[in-house]
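Observations on chain architecture
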Amino acid sequence: IGDEIPVEAEVDLDGLGAEQVAVELVLGLSTQNRPVPPPPVVVRLEPAGRAPGGALLFRAAWKPAQPGSWGYGIRVRAEDGVPADVASAELTVWA
């Protein structure tokens, strides 16, 4: 607790624009010794230019609100409000 953790993701969108996707850090506290898992924390990464290889770069910082063992993943999904042919659950990618 107390330290901010930088998060960075390089994403190749194959022609899509950064405004067409949401890149998110999804975190959850360990469920060990907890009968009901706490809800996940979702932190949106913001566009931050291009990486050296040409992929789009997204960044954020996260500061844990409580101690514990955290699991995490990066989720790339269609942005809310994009056309139906683009906004599809099948297009969600986890890393």
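Reading the values: rules and limits
Residues numbered from 1 in each chain as written. Predicted model: local features only at pLDDT ≥ 70, side-chain atom pairs only at ≥ 80, totals over all residues. Heavy atoms only, no water. Salt bridge = Lys/Arg side-chain N within 4 Å of Asp/Glu carboxyl O. Buried < 20%, exposed > 50% of the residue type's maximum accessible area, 1.4 Å probe, protein only. Helix = DSSP H or I, 4+ residues; strand = E, 2+ residues; numbered from the N terminus. Polar contact = N/O pair within 3.5 Å; in protein donor to acceptor, adjacent residues only side chain to side chain. Contact = heavy atoms within 4.5 Å. pLDDT = per-residue confidence, 0-100. Phe/Tyr/Trp six-rings, centres within 6.5 Å; stacked < 30°, edge-to-face > 60°. Core = buried A, V, L, I, M, F, W, Y, C linked by side-chain atoms within 4.5 Å.

Scanning the model with the defined rule gives five salt bridges in all. The shortest N-O distance in the salt bridge between Glu-46 and Arg-44 comes to 4.0 Å. Using a relative accessible area of 35% as the deciding quantity, one classes Arg-44 as partly exposed. Ionic pairing is found between Glu-79 and Arg-44, a salt bridge with its closest N-O pair at 2.4 Å. Taken together, the residues Glu-79 in the loop between strand S5 (70–78) and strand S6 (93–94) and Arg-44 in strand S3 (residues 41–50) connect sequence positions 35 residues apart. Salt bridges sharing partners connect three or more residues here, namely Glu-24, Arg-75 and Arg-77.

So, about the side chain of Glu-24. Within the secondary structure, Glu-24 is located in strand S2 (residues 21–29). Taking the relative accessible area as the measure of exposure, Glu-24 reaches 6% and is therefore buried. Within the structure, the side chain of Glu-24 is placed 2.7 Å from the side chain of Arg-75, a separation counted as a polar contact. Side-chain polar atoms of Glu-24 contact the side chain of Arg-77, separated by 2.9 Å. The contact partners of Glu-24, leaving out residues within four places of it in the chain, are Val-42, Val-43, Arg-44, Leu-45, Gly-73, Ile-74, Arg-75 and Arg-77.

Here the protein shows a mean pLDDT of 82. Residues at 70 or above account for 80%. The least confident element of the protein, judged by mean pLDDT, is S6 at 65; the most confident is strand S4 (residues 56–62) at 95.

As a further point, take the packing of aromatic side chains. Applying the stated criterion across every chain yields a total of one aromatic pair. Geometrically, the ring pair formed by Trp-62 and Trp-70 is edge-to-face, given 5.0 Å between the ring centres and 75 degrees between the ring planes.

Now for the environment of Pro-6. Mapped onto the elements of the fold, Pro-6 is located in strand S1 (residues 5–11). In this structure Pro-6 comes out as exposed when scored by relative accessible area, which is 70%. Expressed as a C-alpha distance, the spacing of Pro-6 and Lys-63, which sit 57 residues apart in the sequence, is 8.9 Å.

Turning to the nonpolar core, a few remarks are in order. Membership of the largest hydrophobic core comes to 16 residues, with the highest contact counts inside it found for Val-11, Leu-13, Val-23, Leu-25, Leu-45 and Phe-58. Sorting the residues of this core by element identifies S1, S2, S3, S4 and S5 as the ones contributing at least two each. Apart from residues lying up to four places away in sequence, Leu-25 is in contact with Val-7, Val-41, Val-42, Val-43, Leu-45, Trp-62, Tyr-72, Gly-73 and Ile-74.

Residue classification places Glu-79 among the buried residues on the basis of a relative accessible area of 16%. At 2.4 Å, the side chain of Glu-79 and the side chain of Arg-44 are in polar contact. Residues within four places of Glu-79 in sequence aside, it is in contact with Glu-19, Gln-20, Val-21, Ala-22 and Arg-44.

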